[in-house]
Structure formats: C-alpha cells, structure tokens
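So the chains spell out like this:
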Amino acid sequence: MKRDMDKVRGVLLALEANSGPFLMTMDTPTLGGTEDGQETVEYILMLHSAGFLESSQRSVYRLSWAGHEFLDSVRDPEIWRQTKEGAGKVGSWSMKLLGELAVGYAKAKAVQLGLPVG
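1. Structural notes on the sheet that holds strand β1 (residues 23-24)
And then number 1: Spatially, 3 strands are ordered β1-β3-β2 in an open sheet, and the strand pairing comes out antiparallel. The sheet is open, and its two borders are formed by β1 and β2 (53-57), each paired with just one other strand.

2. Observations concerning the confidence of the model for the protein
And then number 1: Taken as a whole, the protein shows an average pLDDT of 88; of its residues, 96% reach a score of 70 or greater.
And then number 2: Ranking the elements of the protein by mean pLDDT puts β1 last, at 71, and helix α3 (residues 65-74) first, at 94.

3. Section: the packing of helix α1 (residues 5-17) against helix α2 (residues 37-49)
For any two helices packed against each other, one specifies the inter-axial angle together with the distance between the axes.
And then number 1: Closest axis-to-axis distance for the α1/α2 pair is 10 Å, and the angle between their directions is 85°. If you check the angle between α1 and α2, you find them roughly perpendicular. Taking contact as the criterion, the partners of K7, V8, V11 and L12 in α1 are, on α2, E39, Y43, I44 and L47.

4. Points about the pattern of salt bridges
And then number 1: Counted under the stated rule, the structure contains 9 salt bridges.
And then number 2: E78 is paired through a salt bridge with R81; the nearest N and O atoms lie 2.5 Å apart. Separated by 3 residues within a single helix, E78 and R81 lie in helix α4 (residues 77-90), roughly one turn from each other.
And then number 3: Using a relative accessible area of 36% as the deciding quantity, one classes E78 as partly exposed.
And then number 4: According to the relative accessible area criterion, R81 is partly exposed, its value standing at 39%.
And then number 5: In this structure, the salt-bridge partner of E85 is R81, at a minimum N-O distance of 2.9 Å. Of this pair, E85 and R81 both sit in helix α4, 4 residues apart, which is roughly one turn of the helix.
And then number 6: Among the residues examined, E85 registers a relative accessible area of 42% and is labelled partly exposed.
And then number 7: Linked by salt bridges that have partners in common, K7, E35 and E39 make up one network.

The rules behind these values
- All residue numbers refer to positions counted from 1 along the written sequence of the respective chain.
- Local features in this predicted model are restricted to residues whose pLDDT is 70 or higher, and side-chain atom pairs enter the listing and the counts only when it is 80 or higher, whereas totals over whole chains, interfaces and linings include all residues.
- Computation of side-chain values: all heavy atoms of the structure, hydrogens and water removed.
- By this definition, two strands are paired if DSSP reports at least two bridges between them.
- Runs of E in the DSSP output that reach at least two residues are strands. Runs of H or I that reach at least four are helices, and both are numbered from the N terminus.
- As a per-residue measure, pLDDT tells how confident the predictor is, with possible values from 0 to 100.
- Between N-to-C directions, angles cover 0 to 180 degrees, with each direction set by a line fitted to C-alpha atoms, over the stretch in contact for helices.
- Throughout, the term roughly parallel applies to angles under 35 degrees, roughly antiparallel to angles over 145, roughly perpendicular to angles from 65 to 115, and oblique to all others.
- Contacts are assigned to residue pairs with any non-hydrogen atoms lying within 4.5 Å of each other.
- Salt bridge, as used here, is a side-chain nitrogen of Lys or Arg placed within 4 Å of a carboxyl oxygen of Asp or Glu.
- Classification of residues uses two cut-offs on accessible area relative to the type maximum, computed with a 1.4 Å probe and protein chains only: under 20% is buried, over 50% is exposed, and between them is partly exposed.

The following block contains the structure:
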C-alpha cells in the first residue's frame, strides 16, 4: 500500500475528533478518506510505528504527543495545501519534512499577521 499523506492527516484528524481518548481497531470504520476498514487499520498501524499513536494494549490506540504536535502543524487547510505544494517542489514527502515545512508556513503566516515569532 502506498502512503497517502492526505489520508495520514485525515486519519489523525478523525482520531482527534473521536469522542473518547482511545480507538479500538476492531470493526474500524473508514476514517479520514480511507476506503475501507482494512485500509484504516493499515494507516493506524503505520502511524503507530512512526510514533504518532500510542497503544496501551493490542488494537487500542490514542494520539501520542508527537501525533498531536504534527497534527497541530498541519491542521489549517491553507497551511496543509502550502506544505504539500512545497514538498512537491522538493520531491520529498517524509513526515519530518512535512512537519518542518508546515511549521515554517505557520511562522510565515504569524509574521504576516504582525505576531512576534522567535
């Protein structure tokens, strides 16, 4: 399965919007643009292996601190659009680069708004 960064972001947003702190992958619905429950589970497992989700027991997940941090950097749809566009120019889609680009675009937006950025 090829990793789709829009689906990665969508799954993270859906997990954050979940009414409780944990998500069980049994009978998992489609989340964040995934096509079926199995694809959703694959994205959850990828996010877990990358450190964006934590698991207290098998098949039970919640967002980790790193997951929240990444999600906060790419939450704004315009920042996300710019981030994907910038990554496309670089030719790289690593999670680390996407996070760094998103933070850079957010800082640029803060400067445009006249906010102090250090």
